[in-house]
Amino acid sequence: MENRDLSRELEEMRSQIEILKCKLENQKIINEQQLRNSMTNKMSNIDKTMLRTIILGFLALIYCTWYFTTTMRLSPAFTFATSALISACLAITIYKHYSFRRIDLVRDHILDVVERLTKINKHYNNWWKTALPILLLWYGWFAYELLTLYNYNSHVIGICVGCFVGGVIGLYAGFKINSKIVKETDEILAQIRELQQNQQ
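Because the structure is predicted, anything quoted here is derived from the model rather than measured. (Residues numbered from 1 in each chain as written. Predicted model: local features only at pLDDT ≥ 70, side-chain atom pairs only at ≥ 80, totals over all residues. Heavy atoms only, no water.)

Novice: Describe the overall build of the protein chain, with residues and values.
Specialist: Across its full length, the protein chain carries 4 helices and 0 strands. Helices (α) and strands (β) of the protein chain occur, in sequence order from the N terminus, as α-α-α-α. The buried share among the 200 residues of the protein chain stands at 28%. Contacts in the protein chain between residues far apart in sequence, at least 24 positions, make up 79% of those at least 6 positions apart. Per element, the accessible surface of the protein chain, about 13900 Å² overall, is 63% carbon and sulfur. (Helix = DSSP H or I, 4+ residues; strand = E, 2+ residues; numbered from the N terminus. Buried < 20%, exposed > 50% of the residue type's maximum accessible area, 1.4 Å probe, protein only. Contact = heavy atoms within 4.5 Å. Areas by Shrake-Rupley, 256 points an atom, 1.4 Å probe, with all protein chains shown as cover.)

Novice: So what's going on with the packing of aromatic side chains? Residues and values would help.
Specialist: Note on aromatic pairs: each is described by the distance of the centres and the angle between the planes. In total, this model carries 10 aromatic pairs according to the counting rule given. With centroids separated by 5.4 Å and ring planes inclined at 10°, the aromatic side chains of Y63 and Y67 adopt a geometry described as stacked. Taken together, the residues Y63 and Y67, both in helix α1 (residues 2–71) and 4 residues apart, mark about one turn of the helix. With a centroid separation of 5.8 Å and an interplanar angle of 35°, the aromatic rings of F68 and F142 are classed as tilted. (Phe/Tyr/Trp six-rings, centres within 6.5 Å; stacked < 30°, edge-to-face > 60°.)

Novice: Could you give an account of helix α3 (residues 110–150), with specific residues and numbers?
Specialist: Taking 1.5 Å of rise per residue, the 41 residues of α3 would be expected to cover 60 Å, and the 58 Å separating its terminal C-alpha atoms lies within 8% of that figure. The sharpest bend along α3 comes to roughly 40°, located at N126. Immediately downstream of α3, the backbone of N151 shows phi near 65°, a positive value. (Expected span 1.5 Å × (residues − 1). Bend = angle between axes of the 7 residues up to and from the residue.)

Novice: How would you summarise the nonpolar core if you had to cite specific residues and measurements?
Specialist: Counting 17 residues, the largest nonpolar core has M43, M50, F100, I103, L117 and I188 as the members making the most contacts within it. Per-element accounting of this core gives the leading share, 6 residues, to helix α4 (residues 154–199). With residues up to four places along the chain from it excluded, the contact list for M50 reads T93, K96, H97, F100, I120, Y124 and I181. Listed in part, the 13 residues of the second largest apolar core include F68, M72, F78 and C160. (Core = buried A, V, L, I, M, F, W, Y, C linked by side-chain atoms within 4.5 Å.)

Novice: Outline the layout of surface pockets, listing residues and values.
Specialist: In this structure, the largest pocket spans a volume of roughly 1700 Å³. Split by residue class, the lining of the largest pocket holds 32 nonpolar, 12 polar and 1 charged. Looking at the second largest pocket, its volume works out to about 210 Å³. If you go around the second largest pocket, the residues you meet are Y95, K96, Y98, S99, R102, D112, E115, R116, K119 and I120. Across the lining of the second largest pocket, the residue classes tally to 3 nonpolar, 1 polar and 6 charged. (1 Å grid on protein atoms, 1.4 Å probe; cavity = no way out; pocket = protein on both sides within 12 Å on 5 of 7 lines; lining within 4 Å. Points joined across faces, edges and corners; volume = space filled by probe spheres on them. Nonpolar A, V, L, I, M, F, W, Y, C, P; charged D, E, K, R; others polar.)

Novice: Describe the environment of D108, with residues and values.
Specialist: Position of D108 relative to the elements: it lies in the loop between α2 (76–101) and α3. Discounting residues that sit within four places of it in the chain, D108 has contacts with R102, I103, V113 and R116.

Novice: Lay out the side chain of N121 with the relevant residues and their values.
Specialist: Counting through the fold element by element, N121 comes out in helix α3. According to the relative accessible area criterion, N121 is buried, its value standing at 10%. A polar contact is formed between the side chain of N121 and the backbone oxygen of V182, at a distance of 3.2 Å. (Polar contact = N/O pair within 3.5 Å; in protein donor to acceptor, adjacent residues only side chain to side chain.)

All quantities given are derived from atomic positions and should not be read as evidence of function.
What follows is the structure, encoded as structure tokens:
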């Protein structure tokens, strides 16, 4: 009798352990699915941010080339240099966007995904180290063009100050966009590490 009771208790314990294992496994699957959904949403946000940046870059290229040539009548060298600078930034952004869109969280090997995301993260994290000196040189040349072409008067100085303020605002907006991309790629990389830990 005691053996039967003990056997029954052991069977119940095994059954409860199996139920608990199933619940834990289901919870693990749900957590993994939530992580994948979160990563997919962040990837979509980064994709849209990059695409908007590219569109704005094309608009800036067209507008600056037209405005500097027809309205302000700045030197061809400065106009060409500005167009070349914007075109180079566009080309780099398009290339990074293309590399980003090739990432497939489902089909790609996890190490390839981590490597590509890390490269994109590093690029956007360090962009200001190159962008800031170039923008300062550009602004100095722009101010020189205006002061040489229109002489030193209050109107030209006002334009220079206005452009400087606009440049600071633009730099801040660029910094915010890049910070957003860096933050979201950091979060995706952290979620990938968490996913790897769950699968071990």
